[in-house]
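Understanding the architecture of this molecule
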Amino acid sequence: MQLEQLRQEIARIERRNIAFKASNSGHGGLADRGWQSGCAAIDDVLPHGQLAHDALHDFSTFRTRDTPAMDHFVLALLQRFLQTKEAGEIIWCQSHLNMREHGHPYGPGLKALGLAPERLLFVSLRKEHDLAFAMEESLRSGAVAAVIGEGAPIGFTASRRLSIACQEMAIPCLFLNTTNIYEASAAATRWRIAPAIGPPNAADLDGPGMAAWSVSLLRARGGRAHSGNPPWTVFWNDATYSFDLVSTAGNRALADRAQTRPTVRSAYPAGRIGKAV
Amino acid sequence: MERQYNNEPIVLVHSGVKGTRITATNKMAEKAGAVIGQMLNDARAACPEIHVEQSNEEADLDYLTRLGHWGMRYSPMVAIDGADGLLIDIAGCDHLFGGEQALISDFMLRAEAIGLSARAGLADTPGAAWALARYGRGQDLIAPPGKTLEATIDLPIEALRLEEKVLLLLRRLGLKQIGQLRTIPRAALERRFRSREAASSVQLRLDQLAGFIREPLVPLKEVALYREVLSCAEPAIEGAAIAMALDHLLLRLEHRLEREGLGARALTLTTCHSDGGYDGVSIVLGRAAREPDYIARLFGERLEGINPGFGIDLFILSADRVEKMSEAQQSLAANSLPKDVIPLIDRLMNRLGAEHITRLAPVASHVPERAQRSVPAMGGQVMGEQVPAWEIMVSRPFRLFERPEPIETIAEVPDGPPLRFVWRRLTRKIIRSRGPERIAPEWWREIGNGGQGPHDNRQSLLLRTNARDYYEVEDEEGTRYWLFRAGLYGVTRNGDAPQWFIHGLFG
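1. A short note on the environment of Ser-124 of chain A
Topologically, Ser-124 of chain A is positioned in strand S6 (residues 120-125). Judged by the 22 C-beta atoms lying within 10 Å of it, Ser-124 of chain A is buried. In contact with Ser-124 of chain A, not counting residues within four places along its chain, are Gln-94, His-96 and Met-99 of chain A together with His-356 and Thr-358 of chain B.

2. Considerations on the interface of chain B and chain A
Contact with chain B, which involves 42 residues of that partner, is made by 45 residues of chain A. Those elements that provide at least two residues to the side of chain B that touches chain A are helix H14 (342-352), strand S10 (357-362), strand S12 (399-406), strand S15 (426-439), strand S16 (468-475) and strand S18 (499-505) of chain B. Here the residues of the side of chain B that touches chain A sort into 21 nonpolar, 8 polar and 13 charged. Looking at chain direction, strand S5 (residues 104-105) of chain A and S12 of chain B are connected through 2 bridges and run antiparallel. The residue of S12 of chain B that forms the bridge with His-104 of chain A is Leu-400 of chain B.

3. Some remarks on unusual backbone geometry
Cis geometry marks the peptide bond from Gly-435 of chain B to Pro-436 of chain B, where omega comes out at 0°. Positionally, Pro-436 of chain B belongs in strand S15. A positive phi is found at Tyr-241 of chain A, a non-glycine position, where the angle reads about 50°. Positive phi values are uncommon outside glycine, yet Arg-425 of chain B reaches one of about 70°.

4. Let's talk about the environment of Glu-89 of chain A
Structurally, the position occupied by Glu-89 of chain A is in strand S4 (residues 89-95). Separated by 56 residues in sequence, Glu-89 of chain A and Ala-145 of chain A have C-alpha atoms that sit 5.4 Å apart. If sequence neighbours within four positions are ignored, Glu-89 of chain A has contacts with Arg-119, Leu-121, Val-144 and Ala-145 of chain A together with Val-341 of chain B.

5. Section: the pairing of S15 of chain B
All names here are of chain B. Pairing between strand S14 (residues 420-423) and S15: 4 bridges, direction antiparallel. Across the sheet, the residue bridging to Phe-421 is Arg-428, located in S15. When S15 meets S16, the two strands line up antiparallel, connected through 7 bridges. Paired with Ile-430 across the strands is Asp-475, a residue of S16.

6. Overview of helix H8 (residues 156-169) of chain A
Residue and element names in this part refer to chain A. The end-to-end C-alpha distance of H8 is 20 Å, a good match for the 20 Å that 14 residues give at a rise of 1.5 Å each. Where H8 is concerned, the buried positions are Ser-159, Leu-162, Ser-163, Ala-165, Cys-166 and Gln-167. Residue Ala-170 follows H8 closely and has a positive phi angle near 55°.

Conventions used here
Residues numbered from 1 in each chain as written. Chains lettered and ligands numbered in written order. Predicted model: local features only at pLDDT ≥ 70, side-chain atom pairs only at ≥ 80, totals over all residues. Helix = DSSP H or I, 4+ residues; strand = E, 2+ residues; numbered from the N terminus. Buried ≥ 20, exposed ≤ 12 C-beta atoms within 10 Å, placed from the backbone. Contact = placed C-beta atoms within 7 Å. Nonpolar A, V, L, I, M, F, W, Y, C, P; charged D, E, K, R; others polar. Pairing = 2+ DSSP bridges. Expected span 1.5 Å × (residues − 1).

Printed below as a string of structure tokens:
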């Protein structure tokens, strides 16, 4: 009980200015300043059971070949966010090089994910160097619904600046690290994404299954996540537009894979994650 | 460089087919007997200690252009004339300098200060000003209004800007001065020439000189109607001074634009330097605006990029593009009720380049790479134009490679995707797949530019002319790709083996 009180105290100190703003602007408490992934297991360990609206969230992969999976996961998460926020543009910043390397965002496909392509504004940068500038400028304008940045890590100081901008303007910022360089970051949550085999598609049993990921939440400031947590395997439920846990019981492909091949997480010692953080 | 030679003879030369000729001289070289157009060897014989440098016409023109921008301090209408002249239309500008005489004196002083030996002529027509500047004598280089004919009557016929062979004929006829030409009836003069063009060129030049035929100038820079000028008593060097000057000019421009209900869409700040240089910064706006604070913010850090040289003595702010501004826009900006994304787009465009801020627009095409295009975030749509809606399509990736990347396939099967493929040096094993979805090329485009594209190679030909079979595949890790085979299994339309490509990613 005492521990719980201490936790609340810390959370209160950490988010004092936001609480102040929230009470000023007539919103409710902290509780409705975020959005849920829809997967109870993940939401449970997040502070207030949700992803904060006004924070930087950082996503990375172990291997650059997992970048498409991370992209997809973040877009799905963004889709969840946009269910709660119907107006405003989304700014997507990345370098030219990144676009060529990972493909140009494609309208028909985004539409199929449930994202409205007309709400997206793309900033393609000549220099990777301008990434933090473009993201911060977008946040500071206060005129957008969300900001996505994609590229090499921007460094701790820049991430701190972005976090502050997020807090002050109450706009979420999602950063996708497309390299396998892992740097310190001031982000409120840090995720590590790897692809996973999803349950089969009921309409087409031989075709590709539901989109699924192996998700590690390395850090959630104010929450109960830590790098030692085993990753969740979640899939995207097309019908409800939410994440759900994959159960290995009904998923032969996943069960097979678990036996024949070590999982991504166990392929790398947990210690390395801890050190890098 | 020039200074070193100030007291020694120096000539610039151009090496042609018929030997090396002199193209420019300084005063000392002229005294030593060097003449423009002379062979270098002849000049060397007369004056052995002469210095020789290669002439560089490109650099000359470059410098002349810079000088032209500098000359915009006198009037926005400046034109480059030949290799060594500037034509400035000062109509309506001279009173700012205290009259024509004062303007010319100011010009000569400044030209001397930057180390140029200049001559200036001023007249009602460009032709007469040209003639006076080059062939006028003494102090009579300004032709008073309406007295063009009188002022040019004594000038030699060389002042008419005629071809050398025409001049030669006129000289043979004993005609040496413009006044003499005018006394001869036109028809009589024309009969002397073998070609009609030569005859009419004399008449044309005479008429242009007199102003019977208008001679339009081609301005170096399009003349902006809305332009504000600020000159400094002391040359400004610091960034703070530039920002202050900009604020001042923006206020004045705002007043003018406000009176006429206009807003600017593009602005340029030009700085003229005391050493004859110039610099400038241009910005574009997503929506017409005239609020000084807002525009100053867009100039922002870009002002630091201005190199003031030895000091800026004149600032010119011009609204290069203006638009009608409705009052509704004005009040919207004042209240700022719904926070608007346009100021952000403006900021990003001016810092990163307008072409880098884009949106996606659907295109009615079934070829995947043509089904969307990037349009500028601002000003792309025409008012009233129907914006096509995005169609909902199944099996489309959310990231698409603009150019499909070839992949190496292992273990192909006749009517399905390969069992394994290599993309970016990694082998991926396919465990589940869906397809094929056959997409035929757009035959009407194919006829349009069949095989004639500039970057046409075998691969793009293969992509353009063959039907594609698309497969959505998933590898053993769960990553999903969009693959296709260009050409049917075993055959293609141009006889090559079919080739596999990756076109997009599903996650």
